[in-house]
Every structure is written in C-alpha cells, then in structure tokens.
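Summary of structural features
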Amino acid sequence: MKPVWIKHAKELATISGENGPRKGKDMSNLSIIEDGSVWIEDGKIAAVGTTEELEKQYASRANEADIVDATGRLVTPGLVDPHTHIVYGGSREKEFEMRLEGATYMDIMNAGGGIHATSRMTREATEDELVEQASRRLDSFAKHGVTTVEGKSGYGLDLETELKQLRAAKRLNEQHALEIVPTFMGAHAVPREYKGNEDAFVDLVIDEMLPVVAEEKLAVFNDVFCEKDVFTPEQSERILEAGKKHGLTPKIHADEIASYGGAELAAKVGAISAEHLLKASDQGIEDMAKAGVIACLLPATALFLREEAAKGRQMIDSGMAVAISTDCNPGSSPTTSMPLVMNLACISMRMTPAEALVAATINAASAIKVEDRAGSLEVGKQGDVVMWDIGSYQELQYLFGVNHVDKVWKKGQLIVG
Ligand code: NIG
Ligand code: FE
C-alpha cells in the first residue's frame, strides 16, 4: 500500500493531547494545525504537523505517496460511533407511523412490538443475511465519516440468536474495512415467554449466555437495558457484576424513558459508560462525574422519540466526559449519520461545535476502549482520517443535516471518495 500524504489542510483538527476521555473544559481543545499535513504509512500515522514541517521530512519521498491536496478543507480523525445495534433483521417503519399517531415507544414494546418485533425478525434471519444487511449499514456509516463502531447483540434474547448476532459482527470485522467493537446485550428486553418470570431470564443471561459469549471471546462489553418495565437496577447490577467476572466491561442503557437509578448504578458498578441518560437525576450525574463514567448521549434517539434531549451541557459543566452516538437501531434511531448527531448535540444539548467533535472522536473512542488506535490524529495511531468539503469545524456543525464528507481513509486505505 502506498503512503498517503494529505497536505495544506485549512484546519487539521488533530484532537491530540491526553490519550483518554476529555472531561469538562478539556472537551473544547481540538489542537488545530493550520495548513496542516499528515503522512500515513503502513496503515498508521507516521507524521502530523504543518505542511512546511512535513515538506522538510518527506519532500524526498513525495513520489512514493498518494498526494492529496486538502486546500480549503477541514481534516479530522475518522469519527467513532460508540453505541450501535447494527446487526439486526427486518425493519420497523410501521411502528414509526404508529408513534406519530400517538402510541408510545413502551406501548408498542409492551404489546409485543418494538425490540420483540426485531427479535422475531432477527431469529428468522440467517447469519449470512445479518452479515449482508449490517455490511450495507457499515458502508453508510463510512460515507458519513465513521471508521469505527461499537455493535451490540440483544435482538436474540436466546442463546442461539445472541451468538448468531455476535458471530455476524465477528465476520464483518474480518471482511469489512470498518472495525466493529462487539458488546453482548442479552438483557435488552425480557422475552415474551418470560413475562412474569423475569428473574428466570436474568438467570439465563448470567448462567447460560455470558459464559459462552466470554468463552468464545465474542464481546468486549456487557450492556443491559435498565428501565422501568424492562430490567430493574437490582437485576441490571447482577448481570453487570456477572459480566465483570467473565472479563466483560459494563455499559448500561440508563434512564432513557424514566428516571430509574441507572446513572447511579453506572457509577456503582464502575461502568465505562452510561447510555441515553435523558432522565438522569442530578444525583446520578454527580455520581457518574465522581466515578469517571463517560456519558454516551444519543440526541438522534431523543429527536426520533420526540423526547427532550439529555442534559449534555450540565454534564460537561459538571466535569464529565461526554461521548455521542447514533444509537443506530431499527426502533428508536434508524440513522447512520454521526454528522447529524454532532449537529444535534449542538442544537438540542447546547454543546459547542468543538465539544461535539471531541465527543464523536477521542471521547467516543475512549467509551469503547479503542483510544490506543483511534479518535485522534497522532503518530502511531491508525490512519483513520476524514477530509470534509468545508473549511472549519464550526461549519461542520453549523451547515446541519448535510453530509460534508469528501474522502475517508481507514488504516490508510481510501474507502470513500
Ligand atoms: O438504545 N433502548 C433500548 N434499546 C435501543 C432501542 C432498540 C429498539 O427499539 O430496537 C436504544 O434506543
Ligand atoms: Fe441503544
């Protein structure tokens, strides 16, 4: 593979600095280089600096490289989406119409639709079909500047289908340019057949599913939908603590629909991140800030469910690290657009344009433990880079609802543009 030399970027937002989640005020620092340049070699970033600096270092090797003129353009790290349910069967556009006519998300789920509907369709799909459908979604993510995604199971709700989803994610990792970081989410809903017998399903997740997932090394994280009428904080804690014993790091869908103690639980179990948090209590925010939990906020989900967005501004002002994500799933957020999510982070959560970009890069990478290789443009990290057809990070957030991606590289390979 030829080296890639990107030159003369109007703004090169390196997001370099401490290699971990940026908290509070530190979320505003993009470490921008004007007239910036990056040299990518063997899939990794070999040098970052001004074009003048890299000319000195690489002028003699210019003829070996693919040279990209980024004059007038913004260049950023590849975006990271730290929360998706990308592997699933079927589609739920009818439920979208039902919600517009007045049904709520939980009404539909309690009547056997929602996650249960996708669970039926995922159980029916073959592994090949799941791979094929998720692969198209990954293509769409790439077109929107995303180079790494997290991907959850949770539409099986039985061992066989949960494994099918995670094995599909594994195959995608082998055959698609994008990386999927896998999360086990067996406790995404209580299957209809366990209604009234919820603890028996929790036992099944703990005793039958987690050991196999861990044994086959199919997941890095263990997630649970801690929500009124789904899993209680006590059940969620049992599941997350059991996952820890198998080496799986806890994540938690917390306080999405109702304030239910999910944020407090995230702090208690030492979750790497807590997701949604639309209804997180002030105490929960304080606990998470103290425990160093990353708030993974999903403003496209809030919009799609016509709910008020999470208190992103308050969380950052409390010193938390905030990451943002699409939550790509067939029910509450069927989008693959991280640029839209950045726009919404600004519009509906009053995050600044710089904070939104940090939330979609280094903080997102930290929420899925890939900050050693993704999330910033620094020597030694993967050559995951986006060139945008605009000139500044402020424009990226301001010219909203439009895809400004020009070119995308994953590990130094041009995958879009
Ligand atoms: O993160 N809230 C729970 N899980 C997903 C939605 C899944 C679905 O509706 O299919 C979420 O929003
Ligand atoms: Fe989710």
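In this convention, every chain numbers its residues from 1, walking through the sequence in written order. The order in which chains are written sets their letters, starting at A; the order in which ligands are written sets their numbers, starting at 1. Since the coordinates come from a predicted model, pLDDT governs what is reported: local features require at least 70, and pairs of side-chain atoms require 80 or more to be given and counted, while whole-chain, interface and lining totals use all residues.

**Some details on the site of ligand 1**
Taken together, 13 residues lie near ligand 1, and I115, D327, N329, G331 and S332 sit nearest. Within the shell around ligand 1, the residues separate by chemical class into 3 nonpolar, 8 polar and 2 charged. To decide nearness, the C-beta atom of each residue is placed from the backbone, and the residue is near a molecule or strand if that atom lies within 6 Å of it. Residues are sorted three ways: Asp, Glu, Lys and Arg are charged, Ala, Val, Leu, Ile, Met, Phe, Trp, Tyr, Cys and Pro are nonpolar, and all the rest, Gly among them, are polar.

**What about helix α5 (residues 127-143)?**
Its 17 residues give α5 an end-to-end C-alpha distance of 24 Å, which sits within 8% of 24 Å, the value for a rise of 1.5 Å per residue. Contact between two residues is assigned whenever their backbone-derived C-beta positions fall within 7 Å. For helices the rule is a DSSP run of H or I covering at least 4 residues; for strands it is a run of E covering at least 2, with both sets numbered from the N terminus onward. Buried residues belonging to α5 abut β6 (79-81), β7 (146-152), α6 (159-175), β15 (405-410) and β16 (413-416). The positive-phi residue at the C-terminal boundary of α5 is G145, with phi of around 85°. Given the number of residues in a helix, its expected span is that number minus one, multiplied by 1.5 Å.

**Quick look at the packing of helix α8 (residues 233-245) against helix α9 (residues 262-269)**
Geometry is summarised by axes, namely lines fitted to C-alpha atoms with helices restricted to the contacting stretch, and by angles between N-to-C directions that run from 0 to 180 degrees. Axis separation between α8 and α9 bottoms out at 11 Å; the angle between their running directions is 30°. Comparing the axis directions of α8 and α9 gives the class roughly parallel. For α8 against α9, the interelement crossing comes out right-handed. Of α9, the residues touching α8 (which contributes P233, S236, E237, L240 and E241) are G262, L265 and V269. Tallied by class, the residues present in the contact of α8 with α9 amount to 4 nonpolar, 2 polar and 2 charged. In what follows, roughly perpendicular refers to angles from 65 to 115 degrees, roughly parallel to angles under 35, roughly antiparallel to angles over 145, and oblique to any angle outside these ranges. Two helices that cross are described as forming a left-handed crossing if the nearer one is turned anticlockwise from the farther one by less than a right angle, and a right-handed crossing if clockwise.

**Some remarks on helix α4 (residues 115-124)**
Each residue is classed by its C-beta neighbour count within 10 Å, where at least 20 other C-beta atoms makes it buried, 12 or fewer makes it exposed, and intermediate counts make it partly exposed; the C-beta atoms are placed from backbone geometry. Taken residue by residue, α4 has I115, A117, T118, S119 and T122 as its buried positions. Along its buried surface, α4 packs onto α3 (105-110) and α6.

**Some thoughts on the UniProt feature "binding site: 4-imidazolone-5-propanoate" (unreviewed entry) in the protein chain**
UniProt positions are given in the numbering used here, feature names are shortened, and annotations may be inferred rather than shown by experiment. In this numbering, the UniProt entry assigns the feature "binding site: 4-imidazolone-5-propanoate" (unreviewed entry) to R92, Y155, H188, E256 and S332. Residue position: R92 is located in the loop between β6 and α2 (93-100). You can call R92 buried: it has 22 C-beta atoms within 10 Å. With residues up to four places along the chain from it excluded, the contact list for R92 reads A117, T118, P330 and G331. With respect to the secondary-structure elements, Y155 resides in the loop between β7 and α6. Those residues in contact with Y155, other than ones at most four positions away along the chain, are Y88, I115, T118, S119, T122, Q165 and H188.

**Points about the UniProt feature "domain: Amidohydrolase-related" (unreviewed entry) in the protein chain**
Here, the residues flagged by UniProt with the feature "domain: Amidohydrolase-related" (unreviewed entry) are residues 74-414. Helix makes up 44% of residues 74-414 and strand 17%, and the two end C-alpha atoms of the span are 17 Å apart.

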